[in-house]
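# Architecture at a glance
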Amino acid sequence: MNAQTSAPAESPAGTLVARRTEADRPDRPTRWRLPAGWPLLPVLIAQALLSLRLIRADTAYQDEGLYLWAGHLQWANWLHGTAIPPFPYYFSGAPVIYPPLGALADHAGGLAGARVLSLAFMLGATTLLWSTARRRYGRRAAFFAAAVFAVLGPTLHLGAFATYDALSLFLVALAAWCVLRAGDRGALPGRMIAAGAILALANATSYSTILFDVLVPVLAVLAALPRPGGRVALRRVAILLATVIVCLGAGLLIGGSSYLTGFKRSILTPVAHTSSPLSVLSSTWYWAGILVILAVGGVVISAVRREGRAPAWLLAVLAAAAILGPAEQAWLHTAALLNEHVGVGAWFAAIAAGYALDRFIAAVRPGREQVFTSAACVIALAFPVYLGAVQSWAFATSWPNATAFIGVLRPLADHSSGRILVEDPSVAKYYLPSGREWRRWSSTRNITLPSGASTGNAAATAGILAAGDTGTFANYIAHGYFAYVALNFTDTTALDHGLATELHRNPDYRTIQVVPYGTEVKPVGQGTYVIWKYQPRR
């Protein structure tokens, strides 16, 4: 008989209990792991801090004042049936989408609250960028893509700018996120319907985003190649485009012809040649040149590595998005929407830029050398951070501070029930309580009549977007229609000088204030707002 006895066998349950007991010993250190998305956190913090410093950099810009004022009136219309101006005829986005949202934020926190709302949308766009790039190219590519986009001057500025730009960029990014994360999982009709509905909402928020309606379906095709294949790609695109068409058609049916008129006037009507193509492209290069170089580098790397036609074309389309909007603005000889177009295009191009930096680091020998290369790339981000900080501050302080003008105009408007003609009244109407009495206010583009109608005819382009007729204004001035007239001779300069001549000739109007307004321009001097008051002779 063998004297050696075998140890009793342990049951699986006993082993599990023993392991749990071993792991639960207090003297054993617990391994703590960072969340997979932790690299995104410092990017969002940096973006938020750089944008927050712009929140109170200046008073409201004209567009900010216009949309927030319109939003308050829109709520008054919905809640109390208050008559409002014909916003759909001349807004470059549906007045029932962003303006009411901005007005809610403004009601809660003033202009700063409305600007913080834009920051929330921009942080959301950066998060979507991270998610998209990580799914396709990995975490390191996602980090650099999000970092490069987050510190761009236009990105930081739109995060502190209370207009529809941030919301429309977020919606375009969300639609692209839906199609780029589809992968090889079939047609995914639900995801494509969601992408189409979101893209249509982006188009309604800002009509100019229709420029990117071609880009998102192309990305939907390329994201499905080589797997799950061409048939699935076509089905995805068909569902996406059908949804966009149905949603936009339904919106037009609900909104009426005024929305179509506004779209034609603000997007399809040729604009005055205010900027040369060279100046438009040079501004784009200054704002996003680093991003464009990196994105093109990603395309070249993919082609050299022979990763396949579809991946290379996907990167090429993403990189081309950076110049899609600026090319359209250069063709129109205007920079009116350049900031928004650069921001939206940069979101797509940043994915290709992140891929380029990831492949550059991956080409280095794994180990210490690769760690040092990664650290060097992170440190190199200090330059675009500095550049973006400088550019965004220049954006946020590029218009005159209205504090002095509003301080002078406030008691005049509050202690009078007369009508007021202001060259650009949107800022004054936003800040002053009397701004809600919109029939009192006229601009140098049209005269608002007591009925709410306009002498410029709300359905006529010239009455809304261009300077008004000197003879018409002179006639109303001669009859003492305006209690106060305020002109600054910058936006509608020729008309202003003509009106100033009429006001000086009319003995019933006298100059009561000359308010500094704007920055020093040598040798012209500092801009001013000249205010006349109607005082009829006895």
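All of the points below concern the structure found in this document.

The rules behind each value
Each chain has its residues counted from 1, running along the sequence as written. At least 70 in pLDDT is required for a residue's local features to be given in this predicted model, at least 80 for side-chain atom pairs to be given and counted, and no such filter applies to totals for whole chains, interfaces and linings, which use all residues. In computing side-chain values, all of the structure's heavy atoms are included and hydrogens and water are not. Under the scheme used here, helices are H or I runs from DSSP no shorter than 4 residues and strands are E runs no shorter than 2 residues, and both carry numbers assigned from the N terminus. Two residues qualify as a contact provided that any one of their heavy atoms is within 4.5 Å of a heavy atom in the partner residue. Accessibility throughout is a Shrake-Rupley quantity obtained with a 1.4 Å probe, and a residue counts as covered only by protein chains that appear here. Each residue gets one of three labels from its accessible area relative to the maximum for its type: buried under 20%, exposed over 50%, partly exposed in between, using a 1.4 Å probe on protein chains only. When DSSP finds at least two bridges between two strands, those strands are taken to pair. Each patch groups residues whose relative accessible area exceeds 30% and which form no salt bridge, using 9 Å between like charges and 5 Å between nonpolar side chains of Val, Leu, Ile, Met, Phe, Trp and Tyr. Within this document, salt bridges are pairs made up of a side-chain nitrogen of Lys or Arg and a carboxyl oxygen of Asp or Glu, the two lying within 4 Å of each other. Using only the protein atoms, space was sampled on a 1 Å grid; points where a 1.4 Å probe fits but cannot get out form cavities, open sets with protein on both sides within 12 Å along at least five of seven lines form pockets, and lining residues are those with an atom within 4 Å of a point. Grid points are joined across faces, edges and corners, and a volume is the space filled by probe spheres set on the points. The residue classification treats Ala, Val, Leu, Ile, Met, Phe, Trp, Tyr, Cys and Pro as nonpolar and Asp, Glu, Lys and Arg as charged. All others, Gly included, are polar. Geometry of aromatic contacts follows a simple scheme: Phe, Tyr and Trp rings, the Trp one being its six-membered ring, pair when their centres are within 6.5 Å, and the pair is stacked under 30 degrees between planes, edge-to-face over 60, tilted otherwise. Axis definition: a line fitted to C-alpha atoms, limited for helices to the stretch in contact. Angles are taken between N-to-C directions and run from 0 to 180 degrees. Our angle categories are set so that under 35 degrees counts as roughly parallel, over 145 as roughly antiparallel, 65 to 115 as roughly perpendicular, and the remainder as oblique. Should the near helix be turned anticlockwise from the far one by less than a right angle, the crossing is termed left-handed; should it be turned clockwise, right-handed. It is the directions from the helix axis to the C-beta atoms whose arc is reported. Whenever a nitrogen or oxygen atom comes within 3.5 Å of another N or O atom, the pair is scored as a polar contact, on the condition that within protein one atom can donate a hydrogen and the other can accept it, and that pairs from neighbouring residues in sequence are kept only if both atoms are in side chains.

## Points about the overall build of the protein
What the protein contains, in helices and strands, is 21 helices and five strands. Sequence-distant contacts in the protein: of pairs separated by 6 or more residues, those separated by 24 or more amount to 73%. By element, 63% of the accessible surface of the protein is carried by carbon and sulfur atoms, the whole surface being about 25500 Å².

## Looking at the environment of R305
You can see R305 is positioned in the loop between α12 (277-304) and α13 (309-331). Between the alpha carbons of R305 and R359 there is a distance of 10.0 Å; along the sequence they are 54 residues apart.

## A closer look at the pairing of strand β3 (residues 484-487)
Here β3 shows no split at all, with Y484 and A486 on one side and V485 and L487 on the other all buried. With three bridges connecting them, strand β1 (residues 420-422) and β3 associate as parallel partners. Residue L421 lies in a different strand from β3, and its bridge partner there is V485.

## Description of unusual backbone geometry
Of all residues except glycine, most have a negative phi; of all peptide bonds, most are trans. With an omega dihedral of 0 degrees, the bond running from L225 to P226 counts as a cis peptide bond. Of note, P226 is situated in the loop between α9 (215-223) and α10 (230-255). In this structure, P228 follows R227 across a cis peptide bond, with omega equal to 10 degrees. Within the fold, P228 resides in the loop between α9 and α10. In the Ramachandran plot, F489 falls in the positive-phi region, its phi being about 60 degrees despite a non-glycine side chain. Its place among the elements puts F489 in the loop between β3 and α21 (493-505).

## A few points about the environment of P39
Assignment of secondary structure puts P39 in the loop between α1 (12-23) and α2 (40-52). The class of P39 is buried, set by a relative accessible area of 9%. The spatial distance from the C-alpha of P39 to the C-alpha of A147 is 9.6 Å, given a sequence separation of 108 residues. If we ignore the near neighbours within four places in the chain, the residues touching P39 are W130, R139 and F143.

## Here we look at a nonpolar patch on the surface
Nonpolar side chains collect at one region of the surface, where L41, I45, L49, L52 and V116 lie side by side and expose about 450 Å² of accessible area between them. No other element matches the four residues that α2 contributes to the nonpolar patch. Within the secondary structure layout, L41 lies in helix α2.

## A look at empty space enclosed by the protein
To find leftover empty space, one rolls a probe the size of a water molecule over the atoms. All chains considered together, the criterion is met by one cavity of 30 Å³ or more. For the largest cavity, the calculated volume is near 30 Å³. If you trace the largest cavity, you find it lined by Y67, F91, G93, A94, Y98, P99, Y164 and T205. Considered class by class, the residues forming the lining of the largest cavity number six nonpolar, two polar and no charged.

## Some thoughts on the packing of aromatic side chains
This model, assessed by the stated rule, comprises 24 aromatic pairs. On the numbers, 5.7 Å between centres and 40 degrees between planes, the contact of Y61 with F161 is tilted. Here Y61 is found in the loop between α2 and α3 (62-80), whereas its partner F161 is found in the loop between α6 (153-158) and α7 (165-180), with 100 residues between them in sequence. Of the residues examined, Y61 reaches a relative accessible area of 28% and is grouped as partly exposed. Ring centres of Y430 and Y431 lie 4.8 Å apart, and the angle between their planes is 65 degrees; this geometry places the pair in the edge-to-face category. Taking relative accessible area as the criterion, Y430 reaches 11% and is therefore assigned buried.

## Digging into the packing of helix α5 (residues 139-150) against helix α14 (residues 338-362)
Two packed helices can be described by the angle between their axes and the distance between those axes. For the pair α5 and α14, interaxial distance at closest approach is 7 Å and the crossing angle is 140 degrees. Judged by the angle between their axes, α5 and α14 are oblique. Seen from above, α5 lies across α14 with right-handed handedness. Of the residues in α14, those in contact with R140, A141, F144, A145, V148 and F149 of α5 are G343, A346, W347, A350, I351, G354, Y355, L357, D358, I361 and A362. Among the residues forming the contact of α5 with α14, the class breakdown is 13 nonpolar, two polar and two charged.

## So, helix α20 (residues 470-478)
Where α20 is concerned, the buried positions are F473, A474 and I477. Mapping the buried residues of α20 onto a view down its axis gives an arc of 100 degrees, with all of them on the same face. Positive phi appears at G480, one or two residues downstream of α20, with a value of about 65 degrees.

## A word on the layout of surface pockets
Considering only enclosed or pocket space, the second largest pocket measures out at about 480 Å³ in volume. Along the wall of the second largest pocket there are 18 residues; nearest its centre are A204, Y207, L248, G251 and L252. Those elements that provide at least two residues to the lining of the second largest pocket are α8 (189-205), α10 and α11 (257-268). Here the element with the most residues in the lining of the second largest pocket is α10; it accounts for six residues. Among the residues forming the lining of the second largest pocket, the class breakdown is 15 nonpolar, three polar and no charged.

## A closer look at the packing of α12 against helix α16 (residues 382-396)
It is the contact of α12 with α16, at a shortest axis distance of 11 Å, that shows an interaxial angle of 155 degrees. Accordingly, the angle class assigned to the pair α12 and α16 is roughly antiparallel. Of the two elements, α12 crosses α16, and the hand of that crossing is left-handed. Residue-level inspection shows Y286, W287 and I290 of α12 in contact with α16, the latter providing F383, L387, Q391 and F395. Across the contact of α12 with α16, the residue classes break down as six nonpolar, one polar and no charged.

## Details of the environment of W399
By secondary structure assignment, the location of W399 is in the loop between α16 and α17 (403-414). Overall, the relative accessible area of 9% leaves W399 in the buried class. For the pair W399 and Y517, spaced 118 residues apart in sequence, the C-alpha separation works out to 9.7 Å. Sequence-distant contacts of W399, defined by excluding residues within four places in its chain, comprise D58, T59, A60, Y61, E64, R115, H157 and F161. Polar side-chain contacts of W399 include one of 3.4 Å to the side chain of D58.

## Focus on the pattern of salt bridges
Scanning the entire structure with this criterion turns up nine salt bridges. Close ionic contact of E437 with R440 constitutes a salt bridge, the shortest N to O distance being 3.1 Å. Classification of E437 by relative accessible area gives partly exposed; the value is 42%. Exposure remark for R440: the relative accessible area of 9% places this residue in the buried category.

These values are about where atoms sit, not about what they do.
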